[in-house]
Amino acid sequence: MKPAPFGYLAPRSVDETLELMASHGDDAKVIAGGQSLGPLLNLRLATPAMVIDLNRILELAGISAHDGDGLTIGAMTRQHDAETSPAVAAACPLLAEALPYVAHRTIRNRGTIGGSLAHSDPAAELPAVVTAVRAEMVIRSRSGERTIPAEEFFLGYFTAALEPDELLVAVRVPAVPARTTSAWQEFATRSGDYAIVGVAAVIGLDGAGVVDRASIVCSGIADVPRQLSTAQSALVGQEPTSAVIAAAVAAQHTDPPADLVGSSSYRRHLVGVLAQRALEAATERQEGNDDRPTG
Amino acid sequence: MTVQPDEVVVTVTVNGETVRHLVDPRTTAADFLRDGLELTGTHLGCEHGVCGACTVLLDGRSVRSCILYAPQLDGCEVTTVEGLSPVPGELHPIQEAFRECHGLQCGFCTPGFLLTVHEFLSETKGADEDEIREAISGNLCRCTGYQGIVAAVQRADETWQR
């Protein structure tokens, strides 16, 4: 359990990092919190010649609230800092609710928001959450900055839409629209394990109590965070009663992969149960909160 | 063909003492503490971030030192189990509680538990059993079955003046 030899660079700025990434190319790996890359290095599943450490780059950490217009979360913001941030609780309650499910406190002390997203593990909570809240990923390279929607960022197992010379620098979370609530549900065999299935639900209602927006995004059932688009469409235009939710969820076809912890049919069962619970929880949070964005 | 990477200098304060060492970048922080500084209280179980035995405090926060690398310690403060008690030769109240409540048997996992619990109790008073079990869920013990450890945390919650 000792890593293969690697060189180590600890740049102090994003610009310096981008230069180093461009000059080392595929031989280098950037390390954020290292809570996924560390095990891969120790097990020699990753053997980069050079490790570029982002932990000294102060400009990459921190959360800025945009006065009612959402949040920007720096890529190197520690998961525990986001979990305990009043700004995150106010502007992205789904993220605040899901973060305590990410591994254990000790892992979240070191693990980062950007690192988890760039790692693009489809079993992880954060990719599903940022997809459900329609966040944008802010990506930089030497040639400039670009922004892409979360749903276009996750390309496959452990594969994000990042070129070798590109760095994820921040996530922009839009403001929660009025009468929009959310919930996270997951099932894991032990506290802190990756969930077998997780479900992020966001429900928006119009003035008459009819669904005008539904996002339902699952972890653990595909190579990317999987949106339940049939169920989403079935909910829009309806009052979200338990029966309506059940019918919408039942209409959704999924074809999850099987592994040691769960067969495909067991995962499909979990999707139904957890999506129902998440959508009902999000709907219950609408009670008494008709005029303001809430969680 | 592998080219041996350059060693790097790390200056780190461990248990209040600042040291300067030349390290191979791939050295884990745990190996650096154990082999470089001869602080063998930090234990290595799984060596890939699963078991929690190697937990130390980095700038006051619990981290797993087996998936942290020695160069990353540069400029930081580390507390290991050897630095837990403020009085050399005496046990910290958390350690006393583990002894009194049979919170350890073979003791291999204990240093990691102690530092995890130190962070938890530094921030929390009067936690119930569910909260305690959640707090220690990232640390594995293969002897005690956790009952004694939970009891020790409850005892330390009462006895540790903080």
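These numbers were taken from a predicted model, which means no experiment stands behind them. (Residues numbered from 1 in each chain as written. Chains lettered and ligands numbered in written order. Predicted model: local features only at pLDDT ≥ 70, side-chain atom pairs only at ≥ 80, totals over all residues. Heavy atoms only, no water.)

Colleague: Looking at this structure, how should I read the overall build of chain B?
Modeller: Looking only at helices and strands, one finds five helices and five strands in chain B. With the principal axes as the frame, chain B shows a C-alpha extent of 55 × 35 × 25 Å. A burial count over chain B gives 54% of its 162 residues as buried. In chain B, 56% of the contacts between residues at least 6 apart in sequence involve partners at least 24 apart. (Helix = DSSP H or I, 4+ residues; strand = E, 2+ residues; numbered from the N terminus. Buried < 20%, exposed > 50% of the residue type's maximum accessible area, 1.4 Å probe, protein only. Contact = heavy atoms within 4.5 Å.)

Colleague: Looking at this structure, I do not really get the state of the cysteines. What am I missing?
Modeller: Here, disulfide denotes a covalent bond that connects the sulfur atoms of two cysteines. Residues and elements named next belong to chain B. As enumerated under the stated definition, the model contains zero disulfides over all chains in all. Here C46 is not cross-linked by a disulfide; its sulfur's nearest cysteine counterpart is in C51, at 4.0 Å. The exposure class of C46 is buried, given its relative accessible area of 16%. Not part of a disulfide, C76 finds its nearest cysteine sulfur in C54, a span of 16 Å. On the basis of relative accessibility, which here comes to 11%, the residue C76 falls in the buried class. (Disulfide = S-S within 2.5 Å.)

Colleague: Would you take a moment to explain unusual backbone geometry for this structure?
Modeller: Among all residues except glycine, the phi angle is most often negative; among peptide bonds, the trans geometry is most common. Even without being glycine, S120 of chain A reaches a positive phi, approximately 55°. For S120 of chain A, the position within the fold is in the loop between α7 (113–119) and α8 (125–132). Residues other than glycine seldom take positive phi values, yet E38 of chain B does so here, at roughly 55°. Looking at the secondary structure, you find E38 of chain B in the loop between α1 (29–36) and β3 (55–58).

Colleague: Teacher, can you tell me more about the interface of chain B and chain A here?
Modeller: Often, the extent of an interface is quoted as the loss of accessible area on bringing the components together. Taken residue by residue, the interface counts 32 residues in chain B and 30 residues in chain A. Taken together, the two surfaces of chain B and chain A that pack against each other cover about 2600 Å², and 49% of this comes from carbon and sulfur. Among the residues of chain B in contact with chain A, R26, R61 and Q72 of chain B are the three that bury the most area, contributing 24% of the side total. The interface formed by chain B and chain A holds five salt bridges in total. In this assembly, chain B and chain A are joined by 20 residue pairs in polar contact (both at pLDDT 80 or more). Listing elements by their share of the side of chain B that touches chain A, those giving two or more residues are β3, β4 (61–64) and α3 (110–123) of chain B. The biggest single contributor to the side of chain B that touches chain A is β4 of chain B, with four residues. Residue composition of the side of chain B that touches chain A, by class: twelve nonpolar, eleven polar and nine charged. (Buried area = accessible area lost by both parts, 1.4 Å probe. Salt bridge = Lys/Arg side-chain N within 4 Å of Asp/Glu carboxyl O. Polar contact = N/O pair within 3.5 Å; in protein donor to acceptor, adjacent residues only side chain to side chain. Nonpolar A, V, L, I, M, F, W, Y, C, P; charged D, E, K, R; others polar.)

Colleague: When you look at helix α2 (residues 93–100) of chain B in this model, what are you seeing that I'm missing?
Modeller: Owing to its 3.6 residues per turn, the α-helix aligns residues three or four sequence positions apart on the same side. Residues and elements named next belong to chain B. Those residues of α2 not exposed but buried are I94, Q95, A97 and F98. For α2, the angular spread of buried residues about the axis comes to 160°, placing them on one side. On the buried face of α2, the contacting elements are α3 and α5 (147–159). A positive backbone phi angle near 55° is found at H102, which sits one or two residues after α2. (Arc of directions from axis to C-beta.)

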